[in-house]
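Here's the letter readout for the chains.
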Amino acid sequence: MKIIVDFGGGLDVCFENKKELILEFEEQQIKMTDVINRLKTLCNPKKLDFFYTQQLRPGILVLINDADWELEDKEEAQLQHNDRVSFISTLHGG
Amino acid sequence: MKEYIEYLQSVLKQNKIEFQQEEEFLQNKVNQISNEFGYDHINRYKRQMILSEIGLIGQKQIHQAKVLIVGAGGIGAPAIYYLAGAGVGTIGLVDGDSVDVSNLHRQIIHNNDRQGMNKCESAKLQIKQFNPLVNVITHNHNLSSTNAIEIFKNYDVILDATDNPATRYLINDTAIYLNKPLVSGSSVGWEGQITVYGMSGPCYRCLFPQCPKTVQNCNEAGVFGVMPGLIGLIDALQAIKIIIGQQNLSQKMILIDGLRDIYKVVKLRGQQKDCIACQKLININEYDYSTFAKTICSSSVPYRGGYKEIEWKDFLQIQRNDQVVLLDVRPSSQYNIIKLDGFINLPYSQIDLFQIEQNKDKVIYVMCRRGNNSRLACEFLKDKIHNIYNIIGGIDLYAKLYDPKMPLL
């Protein structure tokens, strides 16, 4: 199955400046935690903006199909083929 | 038939009474309004007053509203302009900063002649010319945990148009503590985000209970002026809708990517039960916001040894020859605007591409903007290259010491 991942608020710097990634999974049942584990293998280890001490850095909003993952089961949320997962860093500029 | 006529007469009588009551009510309203809201106001605002959602009552609500804008910068500037245009009776401004020429590509309420002037005062001058019916109150200093409650309590709606996490948490906590709706917008690069905190939805701490310890782009950040402009306009829209009781962005967030033309509204979590701001567990006066919001970018990188450091005055004495490599590790976007003679560019983000074999016997001098990334670059190279120097203070210090007119990026 295919999951679309996109990055906002400058997080693309951790993924070779790509603002969108398509992740392919062999399994038919995957959870958010699988997506995050996959991203750990793709993230530039020099950048601390995405993973900070192995955890998702504070200040990142995670959305599943444009809705806050807190409205679902966060890491445990089940994903469907073609779902869109967004990681948005909070911005501070004004 | 007679009964029917009597019935009609009674209906007419009732209608007349109701009509008289309505007329009295309206006359009353008109009298009230003409005291402080007269023809001048109606003439100025009539194009929006004829909207059914605003009308006379809504415009009076806007007139009586007091809106506080924290930050008269890229987001604040257009927000102040449009709120004043829409007829917000009292606009409060908080900003301790003064106008710099590099602000003007986005902070359109200021102008060339007012460089060096406090931003609140500059904005006030502009608004006085633009709409004299608006009362502007200036707080020409930065917001702090000791003055925030005193200032906020006099206003109905708060706008966060600031640029750093510590102030954002302070504004959030104070607005939530005082039950004031908070319109919060931010913008970096080509992106923008805006939402409404408080009301019955979540607050900033509900979304981000822990402050991010790294803020990307903090050194390299730039901003395209239109982006904070867009966010400021949506800020003004939200503030007006809160005042007239329309639905707003509470528990929703608008995300804008101006470069890719993506404009979307996303759904946020509700108010969190364990949020210390919503539970009013924070003693704002005593809370240490600067420690809470300390980020890696804002603190400097310490010297941890393993390479040498050199000051500008000594560096300028060195003999340059083909055994010396001068490395500028700033982002290319900065290097391409201003560079120093002899330096080649390799951004710190690509430091692993440095040609070790070719350079391992040479003397390498590393420079960046302020001397932090150059230390990180030296740390990365120190085990591979024997003779490596960090130039203390970066190009900003060079400019200060030797070329004061050089623009600091």
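Residues numbered from 1 in each chain as written. Chains lettered and ligands numbered in written order. Predicted model: local features only at pLDDT ≥ 70, side-chain atom pairs only at ≥ 80, totals over all residues.

Draft legend 1. Spotlight on the overall build of chain A. A count of helical and extended segments in chain A gives one helix and nine strands. Each helix (α) and strand (β) of chain A, taken in turn from the N terminus, gives the series β-β-β-α-β-β-β-β-β-β. What you see for chain A is a C-alpha radius of gyration of 13 Å, in line with the 12 Å of a compact globule of 94 residues. Taken along the three principal axes of its C-alpha coordinates, chain A extends 40 × 25 × 20 Å. A buried classification covers 35% of the 94 residues belonging to chain A. By sequence separation, contacts in chain A at least 24 residues apart represent 64% of the contacts at least 6 residues apart. (Helix = DSSP H or I, 4+ residues; strand = E, 2+ residues; numbered from the N terminus. Rg over C-alpha atoms; globule rule 2.2 N^0.38 Å. Buried ≥ 20, exposed ≤ 12 C-beta atoms within 10 Å, placed from the backbone. Contact = placed C-beta atoms within 7 Å.)

Draft legend 2. Broad picture of the interface of chain B and chain A. With 37 residues of chain B at the contact, the number on the chain A side is 25 residues. Listed by contribution, the elements that provide at least two residues to the side of chain B that touches chain A are helix 7 (165–177), strand 5 (182–188), strand 6 (191–197), strand 7 (252–257) and strand 8 (262–267) of chain B. Considered class by class, the residues forming the side of chain B that touches chain A number 15 nonpolar, 13 polar and nine charged. (Nonpolar A, V, L, I, M, F, W, Y, C, P; charged D, E, K, R; others polar.)

Draft legend 3. Seen up close, the sheet that holds strand 12 (residues 363–367) of chain B. Residues and elements named next belong to chain B. Strand order in the open sheet formed by five strands is 9-13-12-10-11, and the pairing between neighbours is parallel. With partners counted over all chains shown, the strands left at the sheet margins are strand 9 (308–310) and strand 11 (344–345), one partner each. Contacts from helix 14 (residues 373–381) reach strand 12 and strand 13 (387–391), with the element oriented near 170 degrees to strand 13. (Pairing = 2+ DSSP bridges. Axes fitted to C-alpha atoms, helices over the stretch in contact; angles between N-to-C directions.)

Draft legend 4. Layout of unusual backbone geometry. All names here are of chain B. Phi at Met199 is positive, roughly 55 degrees, even though this residue is not glycine. Assignment of secondary structure puts Met199 in the loop between strand 6 and helix 8 (204–207). What makes Met199 partly exposed here is the crowd of 17 C-beta atoms within 10 Å.

Draft legend 5. Summary view of the packing of helix 2 (residues 39–49) of chain B against helix 3 (residues 55–64) of chain B. Residues and elements named next belong to chain B. It is the contact of helix 2 with helix 3, at a shortest axis distance of 10 Å, that shows an interaxial angle of 115 degrees. The way helix 2 lies across helix 3 gives a crossing that is right-handed. From helix 2, His41, Tyr45 and Met49 reach across to helix 3, where they touch Gly55, Leu56, Gln59 and His63. Within the contact of helix 2 with helix 3, the residues separate by chemical class into three nonpolar, four polar and no charged. (Left-handed = near helix turned anticlockwise from the far one by under 90°.)

Draft legend 6. Representation of the environment of A:Glu24 in the model. Residue and element names in this part refer to chain A. With respect to the helices and strands, Glu24 occurs in strand 2 (residues 20–24). The exposure class assigned to Glu24 is exposed, which follows from the 8 C-beta atoms found within 10 Å. When the C-alpha positions of Glu24 and Asn82 are compared, they lie 9.9 Å apart, and in sequence the two are 58 residues distant.

Draft legend 7. Just the UniProt feature "binding site: Zn(2+)" (unreviewed entry) in chain B, in detail. Residues and elements named next belong to chain B. Per the UniProt entry, the sites bearing "binding site: Zn(2+)" (unreviewed entry) are Cys203, Cys206, Cys275 and Cys278 in this numbering. These annotated residues cover 76 residues of sequence, and their C-alpha atoms lie no more than 8.5 Å from one another, placing them together at a single site. Mapped onto the elements, Cys203 comes out in the loop between strand 6 and helix 8. What makes Cys203 buried here is the crowd of 22 C-beta atoms within 10 Å. If sequence neighbours within four positions are ignored, Cys203 has contacts with Asn172, Ile176, Tyr197, Gly198, Cys275, Ala277 and Cys278. Take Cys206: there are 24 C-beta atoms within 10 Å of it, and that puts it in the buried class. When residues no more than four places from it in sequence are discounted, the contact partners of Cys206 are Arg269, Gln271, Gln272, Cys275 and Cys278. (UniProt positions renumbered as here; feature names shortened; annotations may be inferred.)

Draft legend 8. Expanded view of the UniProt feature "modified residue: 1-thioglycine" (unreviewed entry) in chain A. UniProt tags A:Gly94 as "modified residue: 1-thioglycine" (unreviewed entry). Along the chain, the position of A:Gly94 falls in the segment after strand 9 (84–89). Of the residues examined, A:Gly94 has 28 C-beta atoms within 10 Å and is grouped as buried. Look past the residues within four positions of A:Gly94 in its chain and what remains in contact with it is B:Gly71, B:Gly73, B:Gly74, B:Ile75, B:Ala161, B:Thr162, B:Asp163, B:Ser186, B:Ser187 and B:Pro228.

Draft legend 9. Here's a closer look at the nonpolar core. Residues and elements named next belong to chain B. Counting residues in hydrophobic clusters, the biggest one holds 89 residues, and the most contacted among them are Val67, Ile69, Ile80, Leu83, Ile158, Leu159 and Ala239. Examining the composition of this core, we find that nine residues originate from one element, helix 9 (residues 226–243), more than from any other. Here Ile80 is in contact with Ile69, Ala72, Ile91, Leu93, Ile109, Ala123 and Ile127, once residues within four sequence places are set aside. Val325, Val329, Leu346 and Cys368 belong to the second-largest nonpolar core, a separate cluster that totals 18 residues. (Core = buried A, V, L, I, M, F, W, Y, C linked by C-beta atoms within 7 Å.)

Draft legend 10. Up close: the pairing of strand 1 (residues 2–8) of chain A. Residues and elements named next belong to chain A. Pairing of strand 1 with strand 2 involves five bridges; the strand directions are antiparallel. Residue pairing in the sheet places Val5 in a bridge with Leu21 of strand 2. Sheet topology note: the strand 1/strand 9 ladder contains five bridges and is parallel. Residue Val5 lies in a different strand from strand 9, and its bridge partner there is Val85.

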